[in-house]
Amino acid sequence: LPSMTTPRFGHTATLVDDDKVVIVGGRAVDWWSPPLATTEIFSFDGGSDSGSFVPCAELAEGRAEHRALRLADGTVFISGGWGVSNTHAAEIFDPVSGTVTTATGVTVARVQHTLTLLPEGVLIAGGRDSGGSTGLTSIERWNELSGYADIGQLNGSRINHQAARLASGKVL
C-alpha cells in the first residue's frame, strides 16, 4: 500500500464505509513537533488490492491524541487533542465533500477522554483539560441540532479510560 500524504503518529483513523478511512491530525516527527491540522482519506480498491491517500481540508487547529467517532450520517466527529483551544474544541469532517466545520456548542477542549455514540448524540466523558494539568469529571452530550449540554459528573476524574454503550442504552 502507498504511504500517507503526511507521515504522522498520534492521529485518528476512522472507518467511514467498507473501503474508506478518514485520517486526522497527529504529529509528524516526534512528541515535541506541533500537532498537525491535516486530514486525508484512504480509499481501498479491493479489485487491485491497492489503495490511495488523498489530502482533504485542514482543521481549524492542529490536534494530536484527539478522539474521532463516525456519526450515523457518515460524518466524523473530532474532539479535543493536544494543541486545541476551546474555540475549536470539536470539528466535523464530511468524507463526501472532504470539508471540515466547527461543531457548534462544544466549549471544552480535552484530551485522553472518551466518545460514545448515543441515539441522541455523542457522550463525551472525562479526560484532561487541553493543558493536561487537570483531570475532568464532566460528562457532556453533543447533538448537532441542540449543541452541547452538560449532563452530569463522574464520581472522580477518568483519564485514558474506555467506555462502552450497553444494550440498555447506559454507558459503562
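Our structure's up above, just so we're on the same page.
Conventions used here
- Residues numbered from 1 in each chain as written.
- Predicted model: local features only at pLDDT ≥ 70, side-chain atom pairs only at ≥ 80, totals over all residues.
- Heavy atoms only, no water.
- Helix = DSSP H or I, 4+ residues; strand = E, 2+ residues; numbered from the N terminus.
- Rg over C-alpha atoms; globule rule 2.2 N^0.38 Å.
- Buried < 20%, exposed > 50% of the residue type's maximum accessible area, 1.4 Å probe, protein only.
- Contact = heavy atoms within 4.5 Å.
- Lys, Arg positive; Asp, Glu negative; His and termini not counted.
- Charge placed at Lys NZ, Arg CZ, Asp CG, Glu CD.
- Phe/Tyr/Trp six-rings, centres within 6.5 Å; stacked < 30°, edge-to-face > 60°.
- Salt bridge = Lys/Arg side-chain N within 4 Å of Asp/Glu carboxyl O.
- Pairing = 2+ DSSP bridges.
- Axes fitted to C-alpha atoms, helices over the stretch in contact; angles between N-to-C directions.

A. Local environment of the overall build of the protein chain. Scanning the protein chain from terminus to terminus reveals zero helices and 14 strands. Beginning at the N terminus, the succession of helices and strands in the protein chain can be written as β-β-β-β-β-β-β-β-β-β-β-β-β-β. Radius of gyration (C-alpha) of the protein chain: 16 Å, near the 16 Å computed for a compact globule of 172 residues. Each principal axis of the C-alpha distribution contributes one length, and for the protein chain these read about 50 × 40 × 25 Å. Out of the 172 residues in the protein chain, the part that is buried amounts to 44%. Across the protein chain, the fraction of contacts at a sequence separation of at least 24, relative to all contacts at a separation of at least 6, is 41%. Here the protein chain holds 12 positive side-chain charges and 18 negative ones, and the gap between their average locations is 9 Å.

B. Main features of the packing of aromatic side chains. Under the definition given, this model contains three aromatic pairs. When the ring of F9 is compared with that of W31, the centres are 4.9 Å apart and the planes differ by 90°; the resulting orientation is edge-to-face. Placement of F9 in the segment before β1 (12-17) and of W31 in the loop between β2 (20-24) and β3 (39-45) is noted, with a sequence separation of 22 residues between them. Between F42 and F53, the aromatic rings sit 4.7 Å apart at their centres with planes inclined by 45°, giving tilted as the arrangement.

C. Representation of the side chain of H113. Structurally, the position occupied by H113 is in the loop between β9 (110-111) and β10 (114-118). Taking the relative accessible area as the measure of exposure, H113 reaches 1% and is therefore buried. Excluding anything up to four places from it in sequence, H113 contacts R67, S79, G80, I124, A125, G126, G127 and H161.

D. Up close: the pattern of salt bridges. All chains considered together, the criterion is met by three salt bridges. Between R63 and E91 there is a salt bridge; the shortest N-O distance is 2.8 Å. Here R63 is found in the loop between β4 (50-55) and β5 (67-70), whereas its partner E91 is found in strand β7 (residues 90-94), with 28 residues between them in sequence. Across this residue pair, the class does not change: R63 and E91 are buried. Between R110 and E140 there is a salt bridge, with the nearest N and O atoms lying 2.0 Å from each other. Of this pair, R110 sits in strand β9 while E140 sits in strand β13 (residues 138-143); the two residues are 30 residues apart in sequence, bridging distant segments of the chain.

E. Quick peek at the sheet that holds strand β8 (residues 99-102). In spatial order, the strands read β5-β6-β7-β8; together these four strands make up an open sheet with antiparallel pairing. Pairing within the sheet leaves two strands with one partner each, and these edge strands are β5 and β8. This sheet shows a mean twist of 25° between the axes of neighbouring strands, independent of strand direction. Note: strand β6 (residues 76-79) against β7, four bridges, orientation antiparallel. The partner of F77 across the bridge, within β7, is I92.

F. Looking closely at the sheet that holds β10. The strand order across the open sheet built from four strands is β10-β11-β13-β14, with neighbouring strands paired in antiparallel fashion. Two strands close off the open sheet at either side, each with one partner strand: β10 and β14 (147-153). Strand-to-strand twist of the sheet, defined as the mean angle between neighbouring strand axes without regard to direction, takes the value 25°. Pairing of β10 with strand β11 (residues 121-125) involves five bridges; the strand directions are antiparallel.

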